[in-house]
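Tertiary structure, described
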Amino acid sequence: MADLLELRNVSKVYSRGVLQKSSTTALSDVSLTLAENEPTIMTVAGESGSGKTTLAMLLLGFIEPTKGQIFYKGQDISKLSGGDRIAFRREVQAVFQDPFAVFNPFYTVDHLLSVPIERFKLAKSKREARAKMDDALTAVGLRPEDTLGRFPHQLSGGQRQRINVARALLLKPRLLIADEPVSMVDASLRANILETLRNLQRNHGVSIIYITHDLTTAFHIAKSIIVLYRGQVMEAGDVDAVIKAPQHPYTRLLIDSIPWPDLNRRWGESELKARESESSETNTGCRFSSRCPYVMDVCQQQPPLFQIAERQAASCYLHASHPIIEAERLSELLPV
Ligand code: SF4
């Protein structure tokens, strides 16, 4: 059986200028797979400029890779047409960062939920449409009687984001791309939304690619993690292993910048400090070399991924004594 999703050596380069003389590699040689019958939550983490949002746009088919291919259920998504394209549009849904952006202030929640029902002909009658709305709202922990008929300004940010998830759920998605879904929601409501996403995976069989800069939420929600820096995979593996014992200097830096309440560590206890100068960002060799305190001569060459443990790999010459794992085989060490 084909995988639900497969990225095969995907790169995305943005060119600028009339003669396209300058270019930025937003994503470089990323491969990953999600199995069809094993719904999971995979985090893609990194700072702004890491390529996370480019990855989300590629997965949704909004932009095309410069190199490589993306397959959904075995079909190249850039070549989908007719019924296959409609099925892809229905089965692959997104929840974005801003819970306010998708709401028109003049329409009630009913309108927002009825649009996908009509567009994808999900109900034969108004009664059936209402039942589907009720089910979707209940699945995300909202009471339909308190939610339907209300305008956006009558709802909290957390309620709006859960309505966005309910809207995606109406379409019975197989894959949800959640791009920073809790970053604009009050801290008190974040756990609620994350639990809603976890319920989708557990109870509705939805695989989720959770895109974030926030490793604390990644730790609580995901099974596996891929850490990106300037478009390249720095580290990947089991979320527990990577966050509790990060092996790449960049991941250590990310983790050390967060106050952790429960990992037997103190904020800032790591001795690793990034070098201040980022002026000589390089496109050859290790992308992190201009910030890395351990940079060596060999780092002028692009480091491969070294498999450090059964479920952990890092792209760093500090681990050169470990076996190399090809980018295409990265998913083999990610738990589901
Ligand atoms: Fe630092 Fe070199 Fe490792 Fe890159 S490959 S993170 S520059 S030690």
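As shown above, the structure is provided for reference.
Residues numbered from 1 in each chain as written. Predicted model: local features only at pLDDT ≥ 70, side-chain atom pairs only at ≥ 80, totals over all residues. Heavy atoms only, no water.

Taken together, 14 residues form the shell around the ligand, and within it Cys 286, Cys 292, Cys 299, Cys 316 and Tyr 317 come nearest. Counting atoms within 2 Å of the grid points, the majority share of the ligand lands in the largest cavity. Among the residues forming the shell around the ligand, the class breakdown is twelve nonpolar, two polar and no charged. (Near = heavy atom within 4 Å. 1 Å grid on protein atoms, 1.4 Å probe; cavity = no way out; pocket = protein on both sides within 12 Å on 5 of 7 lines; lining within 4 Å. Sits in = over half its atoms within 2 Å of the grid points. Nonpolar A, V, L, I, M, F, W, Y, C, P; charged D, E, K, R; others polar.)

This part covers the nonpolar core. By size, the foremost hydrophobic cluster in this structure holds 36 residues, and its most contacted members are Leu 113, Ile 163, Leu 176, Leu 197, Leu 200, Ile 208 and Tyr 210. Listing elements by their share of this core, those giving two or more residues are α3 (109-119), α4 (126-139), α6 (157-170), β7 (175-179), α7 (187-204) and β8 (207-212). No other element matches α6, which puts six residues into this core. Those residues in contact with Leu 113 that lie beyond four places of it in its chain are Met 133, Leu 137, Leu 148, Ile 163, Arg 167 and Leu 170. Ranked by size, the runner-up nonpolar core spans 35 residues in total, among them Leu 4, Leu 55, Leu 59 and Ile 226. (Core = buried A, V, L, I, M, F, W, Y, C linked by side-chain atoms within 4.5 Å. Buried < 20%, exposed > 50% of the residue type's maximum accessible area, 1.4 Å probe, protein only. Helix = DSSP H or I, 4+ residues; strand = E, 2+ residues; numbered from the N terminus. Contact = heavy atoms within 4.5 Å.)

Reading across from one edge, β2-β1-β4-β5 is the order of the four strands in this open sheet, with antiparallel pairing throughout. At either margin of the open sheet sits one strand with a lone partner, and together these are β2 (22-34) and β5 (75-76). Of the strands in this sheet, β1 (5-16), β2 and β4 (67-72) are in contact with helix α1 (residues 52-59), which crosses β1 at around 120°. (Pairing = 2+ DSSP bridges. Axes fitted to C-alpha atoms, helices over the stretch in contact; angles between N-to-C directions.)

So, on to a nonpolar patch on the surface. Among the surface-exposed residues, Tyr 294, Met 296, Val 298 and Leu 318 lie close enough to one another that they form a single nonpolar patch of about 300 Å² accessible area. Of note, Tyr 294 is situated in the loop between α10 (249-256) and β11 (305-309). Here Tyr 294 falls in the partly exposed class, since its relative accessible area comes to 33%. (Patch = residues over 30% accessible without salt bridge, like charges linked within 9 Å, V, L, I, M, F, W, Y side chains within 5 Å. Areas by Shrake-Rupley, 256 points an atom, 1.4 Å probe, with all protein chains shown as cover. Salt bridge = Lys/Arg side-chain N within 4 Å of Asp/Glu carboxyl O.)

Just distances and angles here, no functional claims.
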